[in-house]
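# Working through the structure, step by step
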Amino acid sequence: MRFADINDSYRAVVIGGSAGSFQGITKILSNIPESFPLPIIMCLHRLKHVRNGFMEALSIKSVKPVIEPYDKEGIKKGKVYLAPANYHMYIELGHTFALSTESMVNNSRPSIDITLESSAYSYKQRLIGILLSGANKDGAIGMKTIKEKGGLTIVQDPAECLIDTMPTAALRITEIDYTLSIENIIKFLNELAKKYSN
Amino acid sequence: MQEIHIVDIRKLAETIKEKYNYDFTNYAMSSFKRRVSRILELYKFNNVESLIKKISESEAYFQEFLSEITVNVTEMFRDPSFWRVLRDKIIPNILLNHQKISIWHAGCSSGEEVYSMAILLKEMGILESSKIVATDIDPIIIEKAKKGVYPIKNMDLNDKNYLRVQGTEDFNKYYEEKNGYAYMDKSLVENVSFRIHDLVNGMVFSKFDIVMCRNVMIYFNQTLQNDVLKKLHESIFKYGYLAIGSKESLIWCEIANKFIVVNNEEKVYKKIKE
Ligand SMILES: C[S@@+](CC[C@H](N)C(=O)[O-])C[C@H]1O[C@@H](n2cnc3c(N)ncnc32)[C@H](O)[C@@H]1O
């Protein structure tokens, strides 16, 4: 697999996932270089009233610790962030996180659309959006916004997804740049990292 | 949802500031923007311009807007582990030196947090001797808080939270169920003073042993968080406590050095300097 438009202009990777994405996420986090240069911002559907455990579970195999940011925390290069339980996670223009407890969006809090859309406004063409397996349509509009703002879009190959509703919904409304297996998403991120190493 | 430009948001905030003396200019941009676009959809405005026009023409409409722009989502005993810390550590600590406790709920929304506090204090046997003030910027939501009537479907979560706090009673003794609503036992809030108060433009009005300001400052940008925190600081007795939401942090506020962290997991701070 070759990735034509890969270059070092990107400043963040944002990942959305829901039902059936845990394994994929874990694989990705354990197979990227430790020196991965960009912040990875994850919004994953999770139990609303269980505050602890998920971040720890993701951290076990990850090459770097997974952090649940505080409200107004600045986004730093090379860190891995996870939207905390029961809060929406926005990205502000100054590349800081902003949390919110407003009503659920697409039956979800955190909502992937909220994180994706706000990062698209914040990072514009310097953003890579990745949408994985999931059982509802959250994230589709977010991916559309990323594309409209000039960012790069990737969905997990529906054929490989445990539940393909989420990537399929995104593919239906947006011309997604790459449809990839988890293996190839990992290859993509490793190729990407190389562009920043010199 | 249509895209809204930041200049339009600024114009909106300016209009409100001039006409009604509420200042939203330093609210956190992304969520404020999303609330505005929701309002455009809800009231079928074509653009922010028409919303501004309506707001400047009608004070009644502005009141509705005020209620819609604020995020009121709340629950009883939100973060049960916080309430356990409050009951088992913080309050006993205050009682070592004081006979009575005074508490301010700043941004109390529809009152769930206040009923939670009242239940907690009642079970500790100190509700009668405690002074509670509960405030919010939104007059409509304060009315709801006073009434204490909640959709019965919410009580499931509230009940679960109460169980995790390990209260001493049956939770359903604190409300009566009628026509799909839970009517909270009004005696719980007999001594609570519910008031309208704006943390941004309002004055410091009293001092308390505990100030609860949970999930309110997340809607402010850092500049405003800093300003409001100064007022909260002034409203707390020396060696009194401040509780903020579990994902909020004070560390980047100028005034943070006048507090120490008492419990980092539950975000409880103690004022140590005037
Ligand atoms: C999400 S609720 C928090 C409720 C409760 N404290 C909790 O943690 O569940 C936020 C509340 O802050 C109020 N609020 C927003 N801006 C305010 C201001 N400037 N002054 C006072 N209250 C404000 C809103 O009206 C809303 O009811």
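Rules behind the numbers
Residues numbered from 1 in each chain as written. Chains lettered and ligands numbered in written order. Predicted model: local features only at pLDDT ≥ 70, side-chain atom pairs only at ≥ 80, totals over all residues. Heavy atoms only, no water. Helix = DSSP H or I, 4+ residues; strand = E, 2+ residues; numbered from the N terminus. Expected span 1.5 Å × (residues − 1). Buried < 20%, exposed > 50% of the residue type's maximum accessible area, 1.4 Å probe, protein only. Contact = heavy atoms within 4.5 Å. Salt bridge = Lys/Arg side-chain N within 4 Å of Asp/Glu carboxyl O. Buried area = accessible area lost by both parts, 1.4 Å probe. Pairing = 2+ DSSP bridges. Axes fitted to C-alpha atoms, helices over the stretch in contact; angles between N-to-C directions. Right-handed = clockwise from strand over helix to strand, strands pointing away. Core = buried A, V, L, I, M, F, W, Y, C linked by side-chain atoms within 4.5 Å. Domains from an automatic or database assignment. Polar contact = N/O pair within 3.5 Å; in protein donor to acceptor, adjacent residues only side chain to side chain. Disulfide = S-S within 2.5 Å. Parallel < 35°, antiparallel > 145°, perpendicular 65-115°, else oblique. Left-handed = near helix turned anticlockwise from the far one by under 90°. Nonpolar A, V, L, I, M, F, W, Y, C, P; charged D, E, K, R; others polar.

### Quick notes on helix H2 (residues 29-42) of chain B
- Under the 1.5 Å per step criterion, the end-to-end length of H2(B) is 20 Å for 14 residues, consistent within 8% with the ideal 20 Å.
- By the criterion of burial, H2(B) is predominantly enclosed, with eleven of the 14 residues buried.
- All buried positions along H2(B) are accounted for by B:Met29, B:Ser30, B:Ser31, B:Phe32, B:Lys33, B:Arg34, B:Arg35, B:Val36, B:Ser37, B:Ile39 and B:Leu40.
- On its buried face, H2(B) is in contact with strand E5 (88-91), strand E6 (97-100) and helix H3 (112-123) of chain A together with helix H1 (6-20), helix H3 (48-57) and helix H4 (59-69) of chain B.
- With its phi angle positive at about 55°, B:Lys44 sits one or two positions after the end of H2(B).

### Points about the pattern of salt bridges
- Per the counting criterion, the structure on display carries 21 salt bridges over all chains.
- One salt bridge connects A:Arg51 with B:Glu265, and the closest N-O pair in it is separated by 3.7 Å. Of this pair, A:Arg51 sits in the loop between strand E2 (40-44) and helix H2 (54-61) while B:Glu265 sits in the loop between strand E9 (259-263) and strand E10 (268-271), which puts the two residues in different chains.
- For B:Glu265, a relative accessible area of 44% translates into the label partly exposed.
- Within the structure, one salt-bridge network assembled from shared partners comprises A:Arg51, B:Asp79, B:Arg214, B:Glu265 and B:Glu266.

### Focus: the interface of chain A and chain B
- Each partner contributes to the interface: chain A provides 28 residues, whereas chain B provides 35 residues.
- Regarding the contact of chain A and chain B, the summed buried area is about 2500 Å², with carbon and sulfur atoms giving 47% of it.
- When residues of chain A are sorted by the area they lose upon contact with chain B, A:Arg51, A:Tyr70 and A:Lys72 head the list and together hold 27% of the total.
- Where chain A meets chain B, there are four salt bridges.

### Description of the sheet that holds strand E2 (residues 131-136) of chain B
Residue and element names in this part refer to chain B.
- The seven strands lie next to each other as E6-E2-E1-E7-E8-E10-E9, forming an open sheet whose pairing is mixed. The open sheet has two free edges, formed respectively by strand E6 (192-196) and E9, since each of these has just one partner strand. Here the average twist between neighbouring strands, direction ignored, is 20°.
- Two strands pair when backbone bridges link them, and strand E1 (residues 102-106) and strand E7 (residues 208-213) are joined in this way by three bridges, in the parallel orientation. By the bridge assignment, Trp104 is partnered in E7 with Val211.

### A look at the pairing of strand E8 (residues 152-156) of chain A
All names here are of chain A.
- Where burial is concerned, most of E8 is hidden: five out of the five residues are buried.
- A two-sided burial pattern is seen for E8, the buried positions comprising Leu152, Ile154 and Gln156 on one face and Thr153 and Val155 on the other.
- Sheet topology note: the strand E7 (residues 127-131)/E8 ladder contains four bridges and is parallel. Across the sheet, residue Gly129 finds its bridge partner in E8, namely Thr153.
- Chirality of the crossover, the property in question, places the unit of E8, helix H5 (residues 165-173) and strand E9 (residues 178-180) among those that are right-handed.

### Things to note about the nonpolar core
- If you look at the biggest cluster of nonpolar residues, it comprises 77 residues, and the most contacted ones within it are A:Ile41, B:Leu12, B:Val36, B:Leu51, B:Phe65, B:Leu232 and B:Leu242.
- Viewed by domain, this core spans two of them, domain 1 (6-69) and domain 2 (80-271) of chain B, each represented by three or more residues.

### A look at the side chain of A:Ser100
- Along the polypeptide, A:Ser100 turns up in strand E6.
- Judged by relative accessible area, which is 0%, A:Ser100 ranks as buried.
- In this structure the side chain of A:Ser100 is engaged in a polar contact, spanning 2.5 Å, whose partner is the side chain of A:Glu102.
- Leave out the neighbours within four places in its chain, and A:Ser100 touches A:Tyr87, A:His88, A:Tyr90, A:Arg109, B:Ser31, B:Ile218 and B:Tyr219.

### So, the environment of A:Leu29
Residues and elements named next belong to chain A.
- Examined against the element boundaries, Leu29 turns out to sit in helix H1 (residues 22-30).
- A sequence separation of 49 residues divides Leu29 from Gly78, and the C-alpha atoms of the two residues are 12 Å apart.
- Residues within four places of Leu29 in sequence aside, it is in contact with Met42, Leu58, Lys61, Ser62, Val63, Val66 and Val80.

### Section: the state of the cysteines
- Per the stated rule, a full pass over the model turns up zero disulfides over all chains.
- Of all cysteine sulfurs in the structure, the one in A:Cys161 sits closest to A:Cys43, which takes part in no disulfide; the separation is 17 Å.

### Some thoughts on the packing of H1(A) against H2(A)
Residue and element names in this part refer to chain A.
- Packing of H1 against H2 brings their axes to within 7 Å, and their N-to-C directions diverge by 45°. Classed by the angle they form, the pair H1 and H2 counts as oblique. Crossing of H1 over H2 shows right-handed handedness. Contact with H1, carried on its side by Phe22, Ile25, Thr26, Leu29 and Ser30, involves Phe54, Ala57, Leu58 and Lys61 of H2 and no other residues of that element.
- In the contact of H1 with H2, the residues fall into six nonpolar, two polar and one charged.

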